[in-house]
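# Structure at a glance
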Amino acid sequence: MRIMAHKMSVTAAFFILFSGLSSYAQESHIGSLTGKAKHGKALYQRYCIFCHGPQGDGNGESAPYLDPKPRDFTKATFKCRSTPSGDLPLDSDLYDTITRGVHASGMPSWRPLLRQERADLVAYIKTFSPRFQEEQPVAPIQIPPEPATSAESVKRGGQLFQSMNCGLCHGKEGRGNGPSAASLTDTRGYPIRPFDLTSGTRLKCGDSEAGIFRDLTTGLDGTPMPSFASALKPDQIWDLVHYIATLRAAAKLADKR
Amino acid sequence: MKTRYLLLALVTVLAVVSSGRWLANAVAADTSAQSVSGVVKFEGTAPKPTQINMSTDPNCKSSSPATTEDVVVGANDSLEGVVVYVADGLGDRTFQPPAQPAVLEQKGCQYRPHVVALQANQKLNVVNSDATTHNIHPSPANNRESNTIQPPGVPLELSFAREEIAIPVKCNVHPWMRGYIAVFKHPYFAVTGKDGSFELKDLPPGSYTITAWHGKLGTQSQKVTVSAGQSQKLEFAFK
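Notes on the structure in this doc start here.

Calculation notes
- Residues numbered from 1 in each chain as written.
- Chains lettered and ligands numbered in written order.
- Predicted model: local features only at pLDDT ≥ 70, side-chain atom pairs only at ≥ 80, totals over all residues.
- Buried ≥ 20, exposed ≤ 12 C-beta atoms within 10 Å, placed from the backbone.
- Helix = DSSP H or I, 4+ residues; strand = E, 2+ residues; numbered from the N terminus.
- Contact = placed C-beta atoms within 7 Å.
- Axes fitted to C-alpha atoms, helices over the stretch in contact; angles between N-to-C directions.
- Parallel < 35°, antiparallel > 145°, perpendicular 65-115°, else oblique.
- Left-handed = near helix turned anticlockwise from the far one by under 90°.
- Nonpolar A, V, L, I, M, F, W, Y, C, P; charged D, E, K, R; others polar.
- Pairing = 2+ DSSP bridges.

## Section: helix α4 (residues 91-100) of chain A
All names here are of chain A. For α4, a buried count of eight out of 10 residues is recorded, marking the element as mostly surrounded by other parts of the structure. Burial in α4 covers these residues: Asp-91, Asp-93, Leu-94, Tyr-95, Asp-96, Thr-97, Ile-98 and Arg-100. Directly after α4, the chain includes Gly-101, whose backbone phi takes a positive value near 80°.

Right, dumping it as structure tokens:
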């Protein structure tokens, strides 16, 4: 009887742990905010459903008219993350994307919504994929302090741009017109354009220099853009960032003329 | 009181499941040297491989002209790059992944081999032997996607947690580079080489469904029964 009681308590502990985990997956935690999926659902059905669809699979009514296609939340594959390639995003990554919007796509900035509402939306979006319940959250990548840019750093970055074959997709001058550009598709098979790095200051996942460092380190999952985390040292990634910044600056100057 | 019965039922189910697994492992230990082997053939006129234009990257140029590897037919109509494996019949036996990693090499801006097979959670050693930078981008349906840049000589290790036949892998930088990674939860698989032959070694006695998978030509299955100390021959033919 005592053994049975022990077994029961162990099972009960599992039960509590499991239900605890699943309820955790129904929530989002961004700073001091706690988002609730049940509140996010109503917001989703009002604001998001037309593109991302009732099942969250990116097949909403407007989806056929959009390029790039709305995100399929059931795969839990996200471009803009602070976590390594293939890992789930942090809650704050999803919150930032909702807040910022995604440049050069149909995704607008949802800054007009309350911070609490955006947090609730994050919680609800996470319910579309079981991965958020099955996988442990991972630590974000580290972004070391940016060394000051210099002519040497830009030069080294330019050499890396060439040796890393960035130009085969992004083009020799970063205009998004490399020889492999036309062949690119996302993981759902839709054609996708490599970013025109000269097109201005706005980038898909945030415009800061640290943001470019992060994108190069994590890669943009679901797209052909790979992670450079295992191939380059942080200093080399900063060199590449400094070089990419010159492509953007050149475009800015051209715009002013 | 009701919840107590529910918990008791849960415990019982858990106990039965775990003891069943233990039994299965005990049976799996009783193996002798029987195998299933054979060849895979291609029937009809083999499609001509087309030449690949690698001019966008001068570092990709190899001594011999590279051709597509979608369907590779050798002498005697043998079909290369077919994965032959046990699709059913192993019950709920579980297998540890081997310590030795599988190897996928990028050479002459093509994947060597075109189809690589390994066990779930076995390490896949990805090697870049070219003088150019590749990105290695598997697009799984049932595993974690990853996309990593790999300059010459930099080591890279991948692994896949779940069975999947097969994961397409590509290099976005060099769009002609296409290959497959087949992942199994057991060690009974083989990929046909130039002579189209395969051998599934050390199968425990039993009845099995053996499946042959080809990236372009689809799958075929046959049933086979192996008894202790007796080996079986099979032939597959794709059109």
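Now, onward.
## Observations regarding unusual backbone geometry
Cis peptide bonds are those with omega within 30 degrees of zero, and the linkage from Arg112(B) to Pro113(B) qualifies with 0°. Residue placement: Pro113(B) occurs in the loop between β4 (110-112) and β5 (115-119). Omega for the bond connecting Ile165(B) with Ala166(B) falls within 30 degrees of zero, at -5°, which places this linkage in the cis form. Looking at the secondary structure, you find Ala166(B) in strand β10 (residues 164-170). Phi at Ala104(A) is positive, roughly 60°, even though this residue is not glycine. With 14 C-beta atoms counted inside 10 Å, the residue Ala104(A) sits in the partly exposed group. Located in the positive-phi region is Asn165(A), a residue other than glycine, with phi close to 65°. With respect to the helices, strands and loops of the structure, Asn165(A) is situated in the loop between α7 (151-163) and α8 (166-170). Residue class for Asn165(A) comes out buried when judged on the 24 C-beta atoms lying within 10 Å of it.

## What to know about the environment of Met107(A)
All names here are of chain A. Structurally, Met-107 can be placed in the loop between α4 and α5 (115-125). Take Met-107: there are 20 C-beta atoms within 10 Å of it, and that puts it in the buried class. Sequence separation of Met-107 and Glu-209 is 102 residues, and the distance between their C-alpha atoms is 22 Å. Among all residues touching Met-107, those that are not within four sequence positions of it are Gly-101 and Val-102.

## Side note on the packing of α4(A) against α5(A)
Residues and elements named next belong to chain A. Contact geometry for α4 and α5: axes closest at 9 Å, N-to-C directions at 120°. The orientation of α4 relative to α5 falls into the category oblique. For the pair α4 and α5, the crossing hand works out as right-handed. In this structure, α4 uses Asp-91, Leu-94, Tyr-95, Ile-98 and Thr-99 to contact α5, whose residues at the interface are Arg-118, Ala-119, Leu-121, Val-122 and Ile-125. Its residues placed into classes, the contact of α4 with α5 shows seven nonpolar, one polar and two charged.

## Notes on the sheet that holds strand β1 (residues 36-42) of chain B
All names here are of chain B. The strand order β13-β1-β16 describes an open sheet built from three strands, whose pairing is mixed. Each edge of the open sheet carries a strand with a single partner, namely β13 (197-200) and β16 (232-238). The sheet shows a mean angle of 20° between the axes of neighbouring strands, taken without regard to direction. Across seven bridges, β1 lies against β16 in parallel orientation. The residue of β16 that forms the bridge with Phe-42 is Phe-238.

## Regarding the pairing of β10(B)
All names here are of chain B. In the sheet, strand β7 (residues 134-138) pairs with β10 via two bridges, with the strands oriented antiparallel. Its bridge partner lying in β10, Pro-138 is registered against Val-169. Across five bridges, β10 lies against strand β11 (residues 178-184) in antiparallel orientation. Of the residues in β11, the one forming a bridge with Glu-164 is Val-183.

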